[in-house]
Every structure is written in C-alpha cells, then in structure tokens.
Amino acid sequence: MFEKIEKFDKIRVWKGEKTGWHRYTYGIAGEMFFRKLMEKKFVAGKCPECERLFIPPRIYCEDCFVEIKEFVEIKELPRVYSFTFLFKDLEDNLLKEPEIVVFLKWDNIEGGLIHRLKEVNIEDVNFGLVVEPVFKEKPEGNINDILYWRPKK
Amino acid sequence: MNERVAIIGVGYTQLRPVSSDVSFREMIYEAAVRAYEDAGIEPRDVDTFVAISEDYHEGTAIFDEYVPDQLGAVLKPVHTITQDGLTALASCVMQIKTGLFNIAVLEGHSKASNILYPSHIDAFALDPVTVRPLGFNPVFLAGLEMQRFLVETGNTEYHCGLVVAKNRATAIKNPIAAYPAEISIEDVLSSNPVSFPLKELDIARKADGAFVIVLAKESVAKRLSPYPVYVEGVGWLQDTPNIEMRDLVSSLYLTGAANMAYREAGIRNPIREIDFAEIDDTFSYKELQHIEFLGIARPGESGEMLEEGYFDIDGEFPVNPSGGNIGCGYMYDSSSLRGVYEAVLQLRGFAAERQIPDVETALIASWRGIPTASGGVVILSNRE
C-alpha cells in the first residue's frame, strides 16, 4: 500500500469540541408524571386494551399501539430488580465512592425506573429489596427530585 | 430478481488501538483498494455504495457527505446508514435484489482513538429526561444487565472470564487483531471493577480500522470471483428503546433477527446446519447471552458448553474464530463487518493458521452496543 509515517514527532492533530444546547419537552404523559413527582407521588399509564400499567407513563401502549388516557397513582413501593456498583465517572475516572445504580420495578407494573441507592449496607443490596424515595426539599419537576432511594424503613 | 447475492471482495486495514499516522479517509482508501483488487473490479464498475457512520463517533455533522471520495464514489449513488454493519449489508442485498444494481459496495470504519471522551457520547444516547440527568457513566447498563443475566441463567463470572480468555487467545492467530493475548480467567476476575460484576477485562477495548466489502448478483459474482460467498439470509430489528421496558436478561433483538435470517436461509436447526459463528462479544457476558438467544444453546447452558470447549476454535461449534470484539477490538457499528470479513476468509478456506476445516455455512450476529437493543444476523455460505 501507500507509504506510512514513521516518525511520531511528525504527527500533528487539531483538537476540536462540539457543545450542544437542547431543551427536552416532557410531553403530555411526561408532564403528568413529573407534576405528580413534585407532589412526591408516582403515576402510571393504564392501557385500555391490555389493561397493564406502565411507568414511566406514555400516551400509547408500545405493545397494543392504542392511546393511553388513564393515569393511575401508584401507592406501593418498588423493589430492586437489578443493581450494579458503578466505579467510573463520565470521563472514565474512578469515582471517589462507587455509586449503587439500581433498576427498580413495581409489582404488577410494566417498566420501572433507573436510579441510585444509598443508606444501605452493600451486603443487603439484592433483588427484591423494597425501597423508598428520598425527595429534594423543593422539587423542580425532574428525575433528580428524587435524591436517592433507600431500603424501606 | 431471484438470483442470490454474493460477497466477491473484502478489504481491510490492520486493527489498532491508535492510528495517529493515518486519517479516517486514508484507512478507508486502503481497505477499498484491497477490496476492489480482491474482487477484480474498479470503482467505476460499482453501481451503488452504502456506508455506515454515526456523526457523534466521527466528530463531524452530516458525516455522510464525507463518504464518496476515498471510495471512488464521487458522482455515484451513495447513502449512509446510521445503524449496525449488518443492517447496511442488508441494504446492499436489497438494492441488488431490486434488479437495478449489479454491484454494491459496503464500507464501515472506526476512528475510536479520536474520541476523547467516549462515555459522554454513549451518555448522550440515554433518555434525556428519565435517565441522562442522573449523570451516570452509561456502562452501568451493562453492569445491571450482567448482574440480572447471570443470576437468572446460572451462568457465572467465571464463564465470562472464560469468554475473555478464549477470545484474546484466539486473536493471537489473527494477524489483523488489535488485542491478542494469553490471559487467564483469574486475570479477568481480578481486574478492576468498572460496573460490578462487570470488570475491566470483560469489556472489549476499542480499535481503529476499516472494512470494505464488495457484493454482486450471483451471475456477475460467478463471472468475477473464483470463490463467491453467498448471502443466504439477513435479519435485523430493534427492541424497545425504553430501558425500563426490557428484562435485562434476554436479547430478543437477536432472536428476532435470527428467525428472520434463518427463515430466508431455510435453516431449521441452527447448531446442526451452521458450522461456526462470529457473535457480538462487546462485553464478555454478551457472547453467552447472544449464543443463547440465537438458539445455539438452551437458556442457561452456554457457560457449561463453553467450559467443555464446545465454542473453541477447534470445538464443535466455534464462536469468534477471529477473536471477536474482545480479541480484535471494538469498532462501534463496524465491528460486525470484521465478523463478515472473518467468515468470508473461513468460507474461502483462506484463514491460514486459524482455518476451521470443511466449513460451508457461517452466522454473523451483531449488537449495536449501549444503550441499544438492536441487532442483525447474516447467514453466509460457500455452497453453489
């Protein structure tokens, strides 16, 4: 093939970056979910066809492809469905302390939430652990209104 | 058009952890020159070109505009697919099957070493409202899935370590591989935790490189190539983008894509009718999960079969004779083209030291990586 560069000090690079600024609207179902979250409540959407509940709610059922108009408050607490101890930040540096990232599911509800778990002994983190949310004092209507989850007291 | 479609040329570059001495264009040019030489054609003979790229991986907006020149495709029909390599291969097959095109060219490359903070890009693919604001390194998703998959199926971290040891060692015999190594299962198990149970050595490291593949309809292929490799079946699909809706155990995208490809290829019993496979192993556990959800092993049995040597290069059903993504390097959406390249070499009988004897049919299966649940399957054969 063609000749190759052999000397490293002959190599030049231009470093560039691209920053984007966006706003992400929540939509009808998202507004419903996050407004309720500001009241420290959780809502699920109910599919009129299969009658299953979904968190986070959407205005359509992704299986039946029908419109969802009914939103139901969920009073039960979710359980840990899966968990991991995350050691790296977004620049792939070691975190000072690993984060416990959890996938939470409510019984008899489709979907769930990804979030963080605290106030727990590592040995106690397991599938099925029932957890409760710890909310920010002044919720703003986003997923970080939940500061973290902890085992139900 | 009822004629089959065949691969008649393959071109590659050496896969490397860094490639500071060449631009992405020069890598593609090198692979293209090799592919055209291999197929015995000139770019002017090509009717249509398909490339794969993702703007954020390239660091350039509207990257598809940067495709034609280094492929000899200026003023020719070209389009870019922002999807996995096997979906792009399916696009080439479909274009030829229309009867309007005789020869198609497929290009995929990776300049991963140019990406300074790859996890930021993966994070940008997470749901901007429900997941991304949490600020986690998106590798957490592999950690969550590995945890649930291992517990539900009974496969173990030891089996995952075995996948890594097998693929790194197999890569020693692959001259284009970026990460060949003799490492032990204990090395994998004691490597630094990244998103426990996922550890550093469970993760395929990234590589730079390019592949170009020339396809033609059967009558043209027979005229041009002494060893055409036929595309017997293709399948591709996407599972839900909503992470919360997945079970983090199954890879239904591959079950669906495989069923589509098996049906077209007339395959009823994959393990009997297919001789070897190149299967996505971007994370060690993914090789086991993908083997099971392709129907090659029953649920929960892949780890034990691996332990018995079933998937070794000299085993009953070799998986990743190239060394896979773990041994060769992860090339984002182009990783599966390395699988196609390996399968073509094997089916031609040109795989030298790592040649599997008497092979007729190969399976290639891909996954698009975090946070996707998309994949593709291609069945190739050398049968006339």
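Draft legend 1. Spatial organisation of the packing of helix H6 (residues 157–170) of chain B against helix H11 (residues 284–293) of chain B. Residue and element names in this part refer to chain B. Where H6 meets H11, the closest approach of the two axes is 7 Å, and the angle between their N-to-C directions is 100 degrees. Between H6 and H11, the interaxial angle falls into the category roughly perpendicular. Counted together, His-159, Cys-160, Val-163, Val-164, Lys-166 and Asn-167 of H6 and Ser-284, Tyr-285, Glu-287 and Leu-288 of H11 form the full contact between these two elements. Residue composition of the contact of H6 with H11, by class: 5 nonpolar, 3 polar and 2 charged.

Draft legend 2. Examining the domain arrangement of chain B more closely. Residues and elements named next belong to chain B. Taken as a whole, chain B is organised into domain 1 (5–116 + 207–224) and domain 2 (127–206 + 231–381). Between the C-alpha centres of domain 1 and domain 2 the distance comes to 23 Å. At the interface, 38 residues of domain 1 touch 34 residues of domain 2. Summed over both sides, the interface of domain 1 with domain 2 buries roughly 2900 Å², with 68% coming from carbon and sulfur. Area buried by domain 1 at its contact with domain 2 is led by Leu-15, Leu-86 and Phe-211, which between them contribute 22% of it. For the salt bridge of Glu-54 with Arg-368, the shortest nitrogen-to-oxygen distance reads 2.6 Å. Taken together, domain 1 and domain 2 are joined by 14 residue pairs in polar contact (both at pLDDT 80 or more). For the side of domain 1 that touches domain 2, the elements supplying multiple residues, two or more each, are strand E1 (5–12), helix H3 (85–97), strand E4 (103–111) and strand E7 (208–217). If one sorts the elements of the side of domain 1 that touches domain 2 by residue count, H3 sits on top with 7 residues. Looking at the side of domain 1 that touches domain 2, its residues break down into 21 nonpolar, 12 polar and 5 charged.

Draft legend 3. Molecular detail of the state of the cysteines. Counted under the stated rule, the structure contains 0 disulfides over all chains. You can see Cys-61 of chain A has no disulfide; the closest cysteine sulfur is in Cys-64 of chain A, sitting 3.7 Å from it.

Draft legend 4. Structural view of the sheet that holds strand E1 (residues 42–46) of chain A. Residues and elements named next belong to chain A. Strand order in the open sheet formed by 4 strands is E3-E1-E2-E6, and the pairing between neighbours is mixed. A strand with exactly one partner marks an edge of an open sheet, and here the two such strands are strand E3 (70–74) and strand E6 (110–111). Against the sheet, helix H1 (residues 27–38) makes contact with E1, strand E2 (53–55) and E3, and its axis sits at roughly 155 degrees relative to E1, the strand it touches most.

Draft legend 5. Seen up close, the nonpolar core. Counting residues in hydrophobic clusters, the biggest one holds 97 residues, and the most contacted among them are Phe-42 and Ile-114 of chain A together with Phe-140, Leu-294, Leu-363 and Val-377 of chain B. A total of 7 residues in this core trace back to one element, the largest contributor, which is helix H5 (residues 140–153) of chain B. Residues within four places of Phe-140 of chain B in sequence aside, it is in contact with Thr-84, Leu-86, Val-101 and Ile-114 of chain A together with Leu-126, Val-131 and Ser-195 of chain B. Counting residues in hydrophobic clusters, the runner-up holds 45 residues, among them Val-93, Ala-104, Ala-178 and Ile-356 of chain B.

Draft legend 6. Summary view of H1 of chain A. All names here are of chain A. Given a rise of 1.5 Å per residue, 12 residues ought to cover 16 Å, and the 16 Å separating the end C-alpha atoms of H1 matches this to within 8%. Among the residues of H1, those classed as buried are Ala-29, Gly-30, Phe-33, Phe-34 and Leu-37. Buried residues along H1 cover an arc of 120 degrees about the axis, so they all sit on one side. Exposed residues on H1 whose side chains face more than 90 degrees from its buried face are Ile-28 and Arg-35. Where the residues of H1 are buried, they touch E1, E2, E3, strand E7 (113–117), strand E8 (131–135) and strand E9 (146–151). The first or second residue beyond H1 is Lys-40, which carries a positive phi of 60 degrees.

Parameters and conventions
- Residues numbered from 1 in each chain as written.
- Chains lettered and ligands numbered in written order.
- Predicted model: local features only at pLDDT ≥ 70, side-chain atom pairs only at ≥ 80, totals over all residues.
- Heavy atoms only, no water.
- Axes fitted to C-alpha atoms, helices over the stretch in contact; angles between N-to-C directions.
- Helix = DSSP H or I, 4+ residues; strand = E, 2+ residues; numbered from the N terminus.
- Parallel < 35°, antiparallel > 145°, perpendicular 65-115°, else oblique.
- Contact = heavy atoms within 4.5 Å.
- Nonpolar A, V, L, I, M, F, W, Y, C, P; charged D, E, K, R; others polar.
- Domains from an automatic or database assignment.
- Buried area = accessible area lost by both parts, 1.4 Å probe.
- Salt bridge = Lys/Arg side-chain N within 4 Å of Asp/Glu carboxyl O.
- Polar contact = N/O pair within 3.5 Å; in protein donor to acceptor, adjacent residues only side chain to side chain.
- Disulfide = S-S within 2.5 Å.
- Pairing = 2+ DSSP bridges.
- Core = buried A, V, L, I, M, F, W, Y, C linked by side-chain atoms within 4.5 Å.
- Buried < 20%, exposed > 50% of the residue type's maximum accessible area, 1.4 Å probe, protein only.
- Expected span 1.5 Å × (residues − 1).
- Arc of directions from axis to C-beta.

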